[in-house]
Amino acid sequence: IKIAVIDKGVTSNHPDLPNTRQIRLPNSNFAAAEDGSNPNDPSPSSVSPKNHGDGCAGIIGATHNNEGVAGIAPNCKIMPIRIPELATTKTLAKAITFAKDNGADIISNSWGIKPAVVDSADIPVIVNAIDSAAIYGRNMRGCVITFAVGNTADRIEGDTGYAHFPANGSCIRII
């Protein structure tokens, strides 16, 4: 199973995510144009949150009995796709399409756009990329696509939070 992790990058040859289980593809670093990094290296930059992509990939596929964590699918292949900290909707759509076009079975996304930030004119760009992957990915069988909803709630302050787009119900083809 090939799982694309669209996030802030996954460390090359991480002890729990060795390169033998990473699918590191040319042009998988969509942040390169912004930060001058290597477009073929989807490793995280030194910019915070540096290890978010490693954590996301680790929950999915960390090697068991190794570093103290265990992924839910330790034999899967991880396809790291690095996006910039403040990615445009077009860049996010391109990253989803890249995952689909490169054979991802599952596309994991731990990013979202705050409702106040997203322009309704930009929503179709991402929705169309998601729909295309969900319908046409995996040789016309469709990719499974997951999204985090965001971490905006603060119970201490009485803030119930909100779900980020596209996990806020704007897309019907995601988990």
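First, a word on what this report is: a plain description of the structure on this page. (Residues numbered from 1 in each chain as written. Predicted model: local features only at pLDDT ≥ 70, side-chain atom pairs only at ≥ 80, totals over all residues. Heavy atoms only, no water.)

Here we look at a nonpolar patch on the surface
Which entries qualify depends on this criterion: Each patch is assembled from residues with relative accessible area greater than 30% and no salt bridge, linking like charges that lie within 9 Å and nonpolar side chains (Val, Leu, Ile, Met, Phe, Trp, Tyr) that lie within 5 Å. Here the Shrake-Rupley method, with its probe set to 1.4 Å, supplies the accessible areas, and only the displayed protein chains count as covering residues. Definition used for salt bridges: Asp or Glu carboxyl oxygen within 4 Å of a side-chain nitrogen of Lys or Arg. Starting at the N terminus, helices and strands are each numbered in turn, a helix being any DSSP run of H or I of at least four residues and a strand any DSSP run of E of at least two.
A cluster of nonpolar side chains, contributed by Ile 135, Tyr 136 and Met 140, occupies part of the molecular surface with about 320 Å² of accessible area. Looking at the secondary structure, you find Ile 135 in helix H4 (residues 123–140).

Focus on H4
Here is the rule: Helix span, expected: 1.5 Å multiplied by one less than the number of residues in the helix. The quantity called bend is, for any residue, the angle between two axes fitted respectively to the seven residues ending at it and the seven beginning at it.
Here H4 is 18 residues long and its end C-alpha atoms lie 24 Å apart, about the 26 Å a rise of 1.5 Å per residue gives. By the largest-angle criterion, Ala 133 marks the main kink of H4, which is about 45°. Count one or two residues on from H4 and you reach Gly 142, which has phi positive near 90°.

Brief notes about the sheet that holds strand E3 (residues 106–109)
The condition is simple: By definition, two strands form a pair when at least two bridges between them are found by DSSP. Between the N-to-C directions of two axes lies an angle of 0 to 180 degrees, each axis being a line fitted to C-alpha atoms and, for a helix, fitted only over the stretch in contact.
Strand order in this open sheet of 4 strands is E2-E1-E3-E4, and the pairing throughout is parallel. Unpaired on one side and paired on the other, strand E2 (77–82) and strand E4 (144–147) mark the two borders of the sheet. Strand-to-strand twist in this sheet, taken as the mean axis angle between neighbours without regard to direction, amounts to 20°. Bridging between E3 and E4 involves 4 bridges; their strand directions are parallel. Of the residues in E4, the one forming a bridge with Asn 109 is Phe 147.

Let's talk about the pattern of salt bridges
Any two side chains of opposite charge can pair, on the condition that their charged atoms come close. Counted according to the given criterion, the structure contains 4 salt bridges. A salt bridge links Arg 173 to Asp 131; the shortest N-O distance between them is 3.1 Å. Taken together, the positions of Arg 173 in the segment after E4 and Asp 131 in helix H4 put the pair 42 residues apart, joining distant regions of the chain.

Comments concerning the environment of Leu 86
With respect to the helices, strands and loops of the structure, Leu 86 is situated in the loop between E2 and helix H3 (89–101). Sequence-wise, Leu 86 and Ile 113 are 27 residues apart; in three dimensions their C-alpha atoms are separated by 9.4 Å.

Quick word on the nonpolar core
This is how the line gets drawn: Buried residues of nine kinds, namely Ala, Val, Leu, Ile, Met, Phe, Trp, Tyr and Cys, make up a nonpolar core once their side-chain atoms join them within 4.5 Å. Relative accessible area decides the class of each residue, using a 1.4 Å probe on protein chains only: under 20% of the type maximum gives buried, over 50% gives exposed, and in between gives partly exposed.
Ranked by size, the top nonpolar core spans 31 residues in total, and within it Ile 81, Ile 96, Ile 107, Trp 111 and Ile 145 carry the most contacts. Of all the secondary structure elements, the ones that give two or more residues to this core are strand E1 (2–7), E2, H3, H4 and E4.

Looking at the side chain of Lys 100
Which entries qualify depends on this criterion: When checking whether two residues touch, look at their non-hydrogen atoms; a contact exists if any pair is within 4.5 Å.
Mapped onto the elements of the fold, Lys 100 is located in helix H3. Once you skip the residues sitting within four places of it in the chain, Lys 100 turns out to touch Ile 107, Ser 132, Ala 133, Gly 137 and Cys 143.

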